[in-house]
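The residues making up each chain are set out below.
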Amino acid sequence: MEVISLAAGSSYFRSPEAATQAAVKALHEGKTFYGPSQGTPELRKAISQKYKAEGISLEPSQVLITPGTKQALFNLFSVLLRQGDDVVVPTPAWFGFHELMKYSNGTLVPLPTKLEDGYKLTPDMLRVTLSERTRILLLTNPGNPTGRVYSKSELEALLEVTKDYPNLYVISDEIYDLVTYGSPVASILSCQGAKAARTIVVNGFSKSFAMSGWRLGFILGPDELIAKCVHFQNATVAGVSIFIQDAAQATVENRHEALPHMQEILAHNRSVMQQGLDAIPEVRYYLPDGAYYFFPDFSQYLNRTSITGEKISTSVDLCRYLRTCYNLELSPGDYFGAPGHARMSFAVETPRLQDALNRLRQGLLLLTAD
Ligand code: PMP
């Protein structure tokens, strides 16, 4: 039985043809030297125009191109955080935030949201968690692993609370912004109350454009902060390769060609996974509004025993069991701050997805209660 992984954070699609062509062209043109640390003016302009088309006023000077979104976050953490600062992160959240914090000043403060509330984050919940020590509120929209999209009015209500904290920065990680199944995601920058000086977006090409290996991300923020981040980038990794930035520019400019095909397949796969999960008793989940994961609660299948006599007590045990006995890989919820859950990507080929769901059902139903 071949291994099927639903654990990865990237899709199976090929990167857009426009990207490949532009990179090859740039290489043939000899664009293989250092470029400006902030990013090429052409790419920064293309990104600012994309946001302007959505009604957001953003100048190319407010854009910093980074080698991936992870690096964009690391740059911001390095520039903004001092010893004793807190970073408030609604959970369940991507495990990468936790890992990055190990190499940054400051402490991650989880703000738990619940499946039974539809992962809602209310102004009251935020108000009781923020303190004078909070330097960053880090939102993820759409959420990984939850798939939860905050609406514009929800964001505006949260921003209203942050007004009382003059030292606070709000970072919105919008890396899945073009992977949605309902109305388009409203960037936090489009919200009333997104005070230019305090609201930052990080985004990238890995998810929406299936370009994880190109290492391309960006920061959008106020000029003064971007200037500090450019210094940090110059002193550490310098700029992203010029031919990669040409590819990114072509991707942004031709985005309406590449996106519909991927979006259509993902929307179909989402309903395949929904049906597959519905066929398994006692599994609860949030139907994702965006990104390409389900994050079901499998706790009803814990504290059971496998046919080989293995005790299944945690979602890590459950994932190990599915990997060993069914060659099926999922990501344990413990890594995202949600024990008992597991993250399942549906950004895989549809027949493999169906096969994976059958294996999951069989694997769960064969567990016996202790
Ligand atoms: N933010 C989130 C929420 C992610 O899920 C990921 C990738 N898993 C990243 C950032 C990092 O993306 P990149 O490949 O651009 O570094």
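Owing to the predicted nature of the structure, the values given are computational and were not obtained by experimental measurement.

The assigned domain composition of the protein is domain 1 (4-12 + 257-369) and domain 2 (17-253). Centre-to-centre, using C-alpha coordinates, domain 1 lies 28 Å away from domain 2. In this complex, domain 1 contributes 26 residues to the contact, which on the side of domain 2 involves 28 residues. Summed over both sides, the interface of domain 1 with domain 2 buries roughly 2,200 Å², with 62% coming from carbon and sulfur. Across the contact surface, domain 1 and domain 2 share zero salt bridges. Taken together, the connections running from domain 1 to domain 2 amount to 11 residue pairs in polar contact (both at pLDDT 80 or more).

Under the criterion given, the structure shown has five cavities of 30 Å³ or more. Roughly 150 Å³ of volume is contained in the largest cavity. Surrounding the largest cavity, 17 residues form its lining, Pro90, Pro92, Thr140, Thr146 and Tyr150 being those nearest its centre. Among the elements of the structure, strand 3 (86-91) and strand 5 (134-140) are those that each provide at least two residues to the lining of the largest cavity.

This part takes up the packing of aromatic side chains. Enumeration according to the criterion identifies 17 aromatic pairs in this entry. With 5.3 Å between their ring centres and 65 degrees between their planes, Phe95 and Phe336 make a pair best called edge-to-face. A residue pair is termed long-range when its members are at least 10 positions apart, and Phe95 in helix 4 (residues 95-102) and Phe336 in the loop between strand 13 (331-332) and strand 14 (342-345) qualify at 241 residues. An angle of 65 degrees between the planes, with centres 5.2 Å apart, marks the rings of Tyr292 and Tyr293 as edge-to-face. Three or more aromatic residues joined by ring pairs make a cluster, and in this case those are Trp94, Phe95, Phe97, Phe295 and Phe336. Between the NZ or CZ atom of Arg198 and the centre of the ring of Tyr169, over which it lies, the distance is 4.4 Å. Here Arg343 stacks its cationic end above the ring of Tyr293, 4.0 Å away from the centre of that ring.

Reading guide: rules and limits
Per chain, the residues get numbers from 1 upward, laid out in the order the sequence is written. Only residues with pLDDT of 70 or above have their local features reported here, since the model is predicted, and side-chain atom pairs are shown and tallied only from 80 upward, although totals for entire chains, interfaces and linings are computed over all residues. Remark: hydrogens and water are excluded; side-chain values derive from all non-hydrogen atoms of the structure. Domain boundaries shown here were taken from an automatic or database domain assignment. We call two residues in contact whenever any of their non-hydrogen atoms come within 4.5 Å of each other. Joining two parts hides part of their accessible area as seen by a 1.4 Å probe, and the buried area is that hidden amount summed over both. Salt bridge, as applied in this entry: a Lys or Arg side-chain nitrogen positioned within 4 Å of an Asp or Glu carboxyl oxygen. Side-chain atoms alone can form a polar contact between residues adjacent in sequence; in general such a contact is a pair of N or O atoms within 3.5 Å, and within protein one must be able to donate a hydrogen while the other accepts it. In the cavity and pocket records, a cavity denotes points on a 1 Å grid over the protein atoms alone where a 1.4 Å probe fits but cannot get out, a pocket denotes an open set with protein on both sides within 12 Å along at least 5 of 7 lines, and lining residues are residues with an atom within 4 Å of a point. Grid points are joined across faces, edges and corners, and a volume is the space filled by probe spheres set on the points. A run of H or I in DSSP counts as a helix once it spans at least four residues, and a run of E counts as a strand once it spans at least two, with each numbered from the N terminus. For Phe, Tyr and Trp, where Trp contributes only its six-membered ring, two rings pair if their centres lie within 6.5 Å, and the inter-plane angle classes them as stacked under 30 degrees, edge-to-face over 60, or tilted in between. We call a charge positioned over a ring when the NZ of a Lys or the CZ of an Arg lies within 6 Å of the ring centre and within 35 degrees of the ring normal.

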